[in-house]
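What follows is the residue order along each chain.
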Amino acid sequence: MVNHAIECTRALLEFDMYAQYKSHDDAPLSYMEDALHCFNTVKDVFLLGRACQKAKAQANALRTELVKKRKVDEETHDETWTPSKNRSEMNAWQDIISHVIATSQELAVHFNFLKIHLMSHWAKQIRQC
């Protein structure tokens, strides 16, 4: 994970350095596009740090809902399950809740902002000049 973060940062810096050249030909432009492709490939390493307050609130609400369902399930089967079955069901619920919350947060975060998208057009714009 640390290697992906370093690779992502390196690719972004490379892109910026190539973009700052005074003049461009095909070689630096292709290097710039390669750096951008590398950046886009590994940038997801930073997604969990971008979880906004709304995504966190949604995840907490989802957790509360799943815990309520777990309690209903527990109360429904309380007398019929053995203690070991009860423990295994509780562990299964904890795994489900953890997985659903993690998936929810992953789907809620993104890098959808203009400055990153604009970088995908730079090489084309430079070639047209």
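Residues numbered from 1 in each chain as written. Predicted model: local features only at pLDDT ≥ 70, side-chain atom pairs only at ≥ 80, totals over all residues. Heavy atoms only, no water.

Some words on helix α2 (residues 26–42)
Over its 17 residues, α2 extends 24 Å from the first C-alpha to the last, a length consistent with the 24 Å expected when each residue adds 1.5 Å. Looking at α2, one finds that the buried residues are Pro28, Leu29, Met32, Ala35, Leu36, Cys38, Phe39 and Val42. N-capping of α2 is provided by Asp25, with a side-chain oxygen placed 3.2 Å from the backbone N of Ala27. (Helix = DSSP H or I, 4+ residues; strand = E, 2+ residues; numbered from the N terminus. Expected span 1.5 Å × (residues − 1). Buried < 20%, exposed > 50% of the residue type's maximum accessible area, 1.4 Å probe, protein only. Polar contact = N/O pair within 3.5 Å; in protein donor to acceptor, adjacent residues only side chain to side chain.)

Details of the side chain of Arg70
If you trace the backbone, Arg70 turns up in helix α3 (residues 53–77). No salt bridge is formed by the buried Arg70. Its closest oppositely charged neighbour is Glu74, at 4.4 Å. Every residue in contact with Arg70, bar those within four places of it in the chain, is listed here: Met90 and Trp93. (Lys, Arg positive; Asp, Glu negative; His and termini not counted. Salt bridge = Lys/Arg side-chain N within 4 Å of Asp/Glu carboxyl O. Contact = heavy atoms within 4.5 Å.)

Topic: the nonpolar core
Ranked by size, the top nonpolar core spans 15 residues in total, and within it Phe15, Met32, Leu36, Phe39 and Met119 carry the most contacts. Elements represented by at least two residues in this core include exactly α1 (2–19), α2 and α5 (114–119). Once residues within four sequence positions are removed from consideration, Phe39 is found in contact with Cys8, Ala11, Leu12, Ile116 and Met119. (Core = buried A, V, L, I, M, F, W, Y, C linked by side-chain atoms within 4.5 Å.)

Thoughts on the packing of aromatic side chains
Here the structure, examined in full by the defined rule, presents three aromatic pairs. Pairing Tyr18 with Tyr21 gives two aromatic rings, centres 5.6 Å apart and planes at 70°, and the pair type is edge-to-face. The class of Tyr18 is buried, set by a relative accessible area of 18%. Among the residues examined, Tyr21 registers a relative accessible area of 38% and is labelled partly exposed. Three or more aromatic residues joined by ring pairs form one cluster here, namely Tyr18, Tyr21 and Tyr31. (Phe/Tyr/Trp six-rings, centres within 6.5 Å; stacked < 30°, edge-to-face > 60°.)

Thoughts on the pattern of salt bridges
On inspection of all chains with the given rule, the structure shows five salt bridges. Notably, a salt bridge pairs Arg10 with Glu14, separated by 2.4 Å at the nearest N-O pair. Of this pair, Arg10 and Glu14 are both found in helix α1, four residues apart, which corresponds to roughly one turn of the helix. For Glu14, a relative accessible area of 26% gives the class partly exposed. In this structure, the salt-bridge partner of Lys69 is Glu65, at a minimum N-O distance of 3.6 Å. Of this pair, Lys69 and Glu65 both sit in helix α3, separated by four residues, roughly a single helical turn. Note on Lys69: relative accessible area 45%, which makes it partly exposed. What you see here is one network of salt bridges that share partners, running through Asp26, Glu33 and Arg127.

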